[in-house]
Amino acid sequence: TQLLEQSPQFLSIQEGENLTVYCNSSSVFSSLQWYRQEPGEGPVLLVTVVTGGEVKKLKRLTFQFGDARKDSSLHITAAQPGDTGLYLCAGGNTGGFKTIFGAGTRLFVKA
Amino acid sequence: NAGVTQTPKFQVLKTGQSMTLQCAQDMNHNSMYWYRQDPGMGLRLIYYSASEGTTDKGEVPNGYNVSRLNKREFSLRLESAAPSQTSVYFCASTEDSEETQYFGPGTRLLVL
């Protein structure tokens, strides 16, 4: 059974701080996605990474896919209160429909 | 363009009651999914439909049935609700297996 473990589970920081959240697995995935979910809503895709070692940037967010395609990280620079939410990583496999989701990192950014 | 819609938004059931959760998408996607989300456990796949006319079990299918009514609609039925089915249920759709999943706003279900 493929599993994705996210850490930390919960993070509370001050506005302006930097942070990194992690998504780890013992399994290889063909792609990995990061979603952000706000209270009372469904997850919304932030990015998809497909190549080992790939780095993608989305404004203040930097996503990296591990060389072995088993892990990923999300780094936020100068966090803002608007970054508050639940960050989910999800692993997919070529031709498969059973995406595996991690339990998420709940981020709270205080003004 | 509404994306993925779900009804109802909230529901309270008594143990043993039945209900159907409705989901519709207007993006002409081939594949649709039902997940449940519980604290500390992330999203778990209940059932999915790779294309119109097909359905398959996910990770946690027991106690649920699904119907892919047409390309737009995918319903989830609880025949005899149990307290363990208290959860938030999300429907999602994708154009194909590896595409971005578009989620609905969720249905919050409480089974007493």
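Residues numbered from 1 in each chain as written. Chains lettered and ligands numbered in written order. Predicted model: local features only at pLDDT ≥ 70, side-chain atom pairs only at ≥ 80, totals over all residues. Heavy atoms only, no water.

A. Examining the overall build of chain A more closely. Looking only at helices and strands, chain A features 0 helices and 11 strands. Listing every helix and strand of chain A by position from the N terminus yields β-β-β-β-β-β-β-β-β-β-β. For a compact globule of 111 residues, the expected C-alpha radius of gyration is about 13 Å, and chain A comes in at 13 Å, within 12% of that figure. Along the first, second and third principal axes, the C-alpha atoms of chain A reach 45 × 30 × 20 Å. Across the 111 residues that make up chain A, the buried fraction comes to 44%. Sequence separation of 24 or more characterises 54% of the internal contacts of chain A that already satisfy a separation of 6 or more. Accessible surface for chain A amounts to roughly 5,400 Å². Of this, 50% is attributable to carbon and sulfur atoms. Of the charged side chains in chain A, 10 are positive and 9 negative, and the gap between their average positions amounts to 4 Å. (Helix = DSSP H or I, 4+ residues; strand = E, 2+ residues; numbered from the N terminus. Rg over C-alpha atoms; globule rule 2.2 N^0.38 Å. Buried < 20%, exposed > 50% of the residue type's maximum accessible area, 1.4 Å probe, protein only. Contact = heavy atoms within 4.5 Å. Areas by Shrake-Rupley, 256 points an atom, 1.4 Å probe, with all protein chains shown as cover. Lys, Arg positive; Asp, Glu negative; His and termini not counted. Charge placed at Lys NZ, Arg CZ, Asp CG, Glu CD.)

B. Here's a closer look at the state of the cysteines. In this structure the tally under the stated criterion is 2 disulfides over all chains. Across the disulfide, Cys-23 of chain A is cross-linked to Cys-89 of chain A (sulfur-sulfur distance 2.0 Å). Sign of the S-S torsion, about 75° for the bond between Cys-23 of chain A and Cys-89 of chain A, identifies this disulfide as right-handed. With a gap of 66 residues between them, Cys-23 of chain A in strand β3 (residues 19–24) and Cys-89 of chain A in strand β9 (residues 85–92) connect regions that are remote in the sequence. On the basis of relative accessibility, which here comes to 0%, the residue Cys-23 of chain A falls in the buried class. The exposure class of Cys-89 of chain A is buried, given its relative accessible area of 0%. Cys-23 of chain B shares a disulfide with Cys-91 of chain B; S-S distance 1.9 Å. (Disulfide = S-S within 2.5 Å.)

C. Structural context of the sheet that holds strand β1 (residues 5–7) of chain A. All names here are of chain A. Strands sit in the order β1-β3-β8-β7-β6 across an open sheet of 5 strands; the sheet is antiparallel. The two strands at the open ends of the sheet, each matched to only one other strand, are β1 and β6 (55–58). For this sheet, the mean inter-axis angle between neighbouring strands, taken without regard to orientation, is 15°. With 4 bridges joining them, β6 and strand β7 (residues 61–65) adopt antiparallel strand pairing. Following the sheet pairing, Lys-56 is matched in β7 by Phe-63. (Pairing = 2+ DSSP bridges. Axes fitted to C-alpha atoms, helices over the stretch in contact; angles between N-to-C directions.)

D. Geometry of the pairing of strand β4 (residues 31–37) of chain A. Residues and elements named next belong to chain A. Summarising burial for β4: 7 of the 7 residues are buried, a large majority. Burial along β4 is two-sided: the residues Ser-31, Gln-33, Tyr-35 and Gln-37 and Leu-32, Trp-34 and Arg-36 are all buried. By the bridge criterion, 5 bridges tie β4 to strand β5 (residues 44–49) in an arrangement that is antiparallel. Bridging across to β5, Tyr-35 finds its partner in Leu-45. The loop that links β4 with its antiparallel partner β5 comprises 6 residues; one of these, Gly-40, has a positive phi angle of about 80°.

E. Up close: the nonpolar core. Residue and element names in this part refer to chain A. One finds Leu-4, Leu-19, Leu-32, Trp-34, Leu-74, Ile-76 and Leu-107 to be the most contacted residues of the largest nonpolar core, which totals 21 residues. Contributing elements (two or more residues each) for this core: β3, β4, β5, β7, β8 (71–76), β9 and β11 (105–110). Not counting residues up to four positions away in its chain, the partners in contact with Ile-76 are Glu-17, Asn-18, Leu-19, Arg-60, Leu-61, Asp-83, Tyr-87 and Leu-107. (Core = buried A, V, L, I, M, F, W, Y, C linked by side-chain atoms within 4.5 Å.)

F. The packing of aromatic side chains, seen in detail. Applying the stated criterion to the full structure yields 10 aromatic pairs over all chains. The interplanar angle of 85° and the centroid separation of 6.4 Å between the aromatic rings of Phe-90 of chain B and Phe-103 of chain B together place this pair among those described as edge-to-face. Highlighted residues: Phe-90 of chain B in strand β9 (residues 87–94) and Phe-103 of chain B in strand β10 (residues 102–103), separated in sequence by 13 residues. When its relative accessible area of 1% is taken as the criterion, Phe-90 of chain B is described as buried. Within the aromatic cluster, the residues linked to one another by ring pairs are Tyr-35 and Phe-101 of chain A together with Tyr-33, Tyr-35, Tyr-48, Phe-90 and Phe-103 of chain B. (Phe/Tyr/Trp six-rings, centres within 6.5 Å; stacked < 30°, edge-to-face > 60°.)

Honestly, that's just the spatial picture; any functional story needs more than this.
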